[in-house]
Amino acid sequence: MQKIQAIRGMEDVLPDASPLWEKLEDTCRDVFRQYGYRNIRTPLVEPTPLFVRGIGEVTDIVEKEMYVFKDRNDESLALRPEATAGIVRSAIEHNFLYNGPMRVWTVGPMFRYERPQKGRQRQFHQFDVEALGFEGPDVDAEQIVMLARLWKALGIRNIELHINSIADSADRKAHREKLVAYFERHASILDEDAKRRLRTNPLRILDSKNPAMQAMIEDAPMLIDELGEGAQRHFEELKRLLTEAGLAFRVNPRIVRGLDYYNRTVFEWISPEIGAQSTIAGGGRYDALFEQLGGKPTPACGFAFGIERLVLAMQAAGAKAASEVAYFIAHSGDSASVLAFKLAESLRDKGNTVVLGTGGSFKSQLKKADASGARFTVIIGDNEVASRQVTLKDMRAGTQQVVSQETFINGKN
Ligand code: HAM
């Protein structure tokens, strides 16, 4: 029989890799809770029009990267490429902001048909965080500061904050005209995609990864020069709050983000240590998305980061997850294995993490004990059964002692 392999770009996270994932996930949950964020879970599959309307018809994600299929009822469905649109759909559908604004977060797999490389998968995992119903720049600043706290908790130091304002939709008209005029002057450099987008969504030309267009894109007119009074004030206040919080940031007018729903604040956290896919987190304000999806006007701000990229950054910072195994129990012989089984349960009653050896040769079980990172190894053979004792090995000190089973279970251990 031929072996079946995982789909390209969709990776297994194996047990050896998962301790860092778990450490990251636990830390995120703790930090988000500290800021009053509550968990929400939305489906992995949504009606395709949700993303077309939410993310924008003329974006890379919708045009080239979505997994779209028809179900048995001929309805067009999509695997979610991101979480924001689904969360906003849910907020409108259940009207869960009726009592006022709410902070929510979610975690899970997202799907984009991109060319796989280091830090870029077709199934990847995001933590996604949304502050729904908040208007002021204080929430934008709070989210950015919360991320800084998270990086610190994870031991990540080498990471840069880039912020920008991409104005309000009303301010965009003037920019759009300047942009179209600019691109028309450089029509000979535009590729097919860009020529098409010139009519439909010229801002998205700025996302192009085509190397031949990069220099021209660098010099294109910038949205930050078109800020209306409200957007300007919002951005100034955001910068003031970040400065007061002691956060270093760079205003980077080139950040436009790849999704159409943003306005005003956009930001990205970039790590120089994880390869070409260096953007770890990205987000911003999306004050018009609720209305675009059929809801009431509701200002909102959010961000997401990829777990795979954050794990790369943790590894670059030398992070290791400590083993939680307190006891590894090596045993040999029938009566020893029964005793080991009972002893393991007694130790777990006290809250310890206990791994039971497979029995058989002590040599190979001791190797396993070592690899498990256990603090102590308990050794039980025929001798120990007969003398009602256990041999306790301190894995850090390398010493061992024989103690009575009674003392071991009821004593300080
Ligand atoms: P995004 O910039 O498309 O934003 O994705 C956020 C993060 O997800 C990226 O910075 C990256 O870490 C990770 N990511 C994206 N694509 C891939 C991939 N193919 N492989 C691995 N990691 C990837 C959003 O998704 C917005 N929904 C963020 C947001 C929430 N804005 C407001 N609220």
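Residues numbered from 1 in each chain as written. Predicted model: local features only at pLDDT ≥ 70, side-chain atom pairs only at ≥ 80, totals over all residues. Heavy atoms only, no water.

A. Here's a closer look at the site of the ligand. Taken together, 26 residues surround the ligand, and among them E82, E114, R257, Y262 and I280 come closest. Between the ligand and Q121, the relevant distance is 2.9 Å, taken from a nitrogen atom to a main-chain nitrogen or oxygen of the residue. Taking F303, its main chain carries an N or O atom lying 3.3 Å from a nitrogen atom of the ligand. Protein coverage of the free-state accessible area of the ligand, which is 660 Å², stands at 96%. By residue number, the principal contributor to the shell around the ligand is strand 10 (residues 279–285), which donates five residues. Here the residues of the shell around the ligand sort into nine nonpolar, nine polar and eight charged. (Near = heavy atom within 4 Å. Polar contact = N/O pair within 3.5 Å; in protein donor to acceptor, adjacent residues only side chain to side chain. Areas by Shrake-Rupley, 256 points an atom, 1.4 Å probe, with all protein chains shown as cover. Helix = DSSP H or I, 4+ residues; strand = E, 2+ residues; numbered from the N terminus. Nonpolar A, V, L, I, M, F, W, Y, C, P; charged D, E, K, R; others polar.)

B. Examining the environment of W21 more closely. Mapped onto the fold, W21 is located in helix 1 (residues 18–34). The buried category is assigned to W21, whose relative accessible area is 11%. In the structure, W21 is positioned 293 residues away from M314 in sequence and 9.9 Å away in space, judged by C-alpha atoms. With residues up to four places along the chain from it excluded, the contact list for W21 reads V13, H125, I307, E308 and V311. (Buried < 20%, exposed > 50% of the residue type's maximum accessible area, 1.4 Å probe, protein only. Contact = heavy atoms within 4.5 Å.)

C. Structural detail: the packing of aromatic side chains. All chains considered together, the criterion is met by 14 aromatic pairs. Every member of this aromatic cluster is reached through a ring pair, and the members are F32, W105, F127, W151, F267, W269, F303 and F305. For the cation-ring pair, R103 lies above Y37, with the distance from its terminal atom to the ring centre recorded as 6.0 Å. If you follow R375 out to its NZ or CZ, it ends over the ring of F376, 4.8 Å from the centre. (Phe/Tyr/Trp six-rings, centres within 6.5 Å; stacked < 30°, edge-to-face > 60°. Lys NZ or Arg CZ within 6 Å of the ring centre and 35° of its normal.)

D. Spatial organisation of the pairing of strand 4 (residues 76–79). As paired strands, strand 2 (residues 45–47) and strand 4 are joined by three bridges and run antiparallel to one another. Paired with P47 across the strands is L77, a residue of strand 4. Pairing analysis gives three bridges linking strand 3 (residues 68–70) to strand 4, with the strands arranged antiparallel. By the bridge assignment for strand 4, F69 is matched with L77. In textbook terms, the turn of a hairpin is the stretch between consecutive antiparallel strands, and for strand 3 and strand 4 this stretch comprises five residues, one of which, D74, has a positive phi near 70 degrees. (Pairing = 2+ DSSP bridges.)

E. Structural detail: a nonpolar patch on the surface. A cluster of nonpolar side chains, namely L44, V45 and F69, defines an oily patch on the protein surface of about 210 Å² accessible area. With respect to the helices and strands, the residue F69 is situated in strand 3. The partly exposed category is assigned to F69, whose relative accessible area is 34%. (Patch = residues over 30% accessible without salt bridge, like charges linked within 9 Å, V, L, I, M, F, W, Y side chains within 5 Å. Salt bridge = Lys/Arg side-chain N within 4 Å of Asp/Glu carboxyl O.)

F. Quick peek at the pattern of salt bridges. One pass over the structure, following the stated rule, counts 27 salt bridges. The residue E63 makes a salt bridge to R196 at a minimum N-O spacing of 2.8 Å. Taken as a pair, E63 in helix 3 (residues 60–65) and R196 in helix 7 (residues 192–200) lie far apart in primary sequence, 133 residues in all. Of the residues examined, E63 reaches a relative accessible area of 30% and is grouped as partly exposed. Note that R89 is salt-bridged to E93, the shortest N-O span being 2.8 Å. On the criterion of helical spacing, the pair formed by R89 and E93 is a turn pair, its members being four residues apart in helix 4 (residues 84–94). We classify E93 as exposed; its relative accessible area is 54%. A network of salt bridges, in which partner residues are shared, links D60, E63, K64, D193, R196, R197 and K209.

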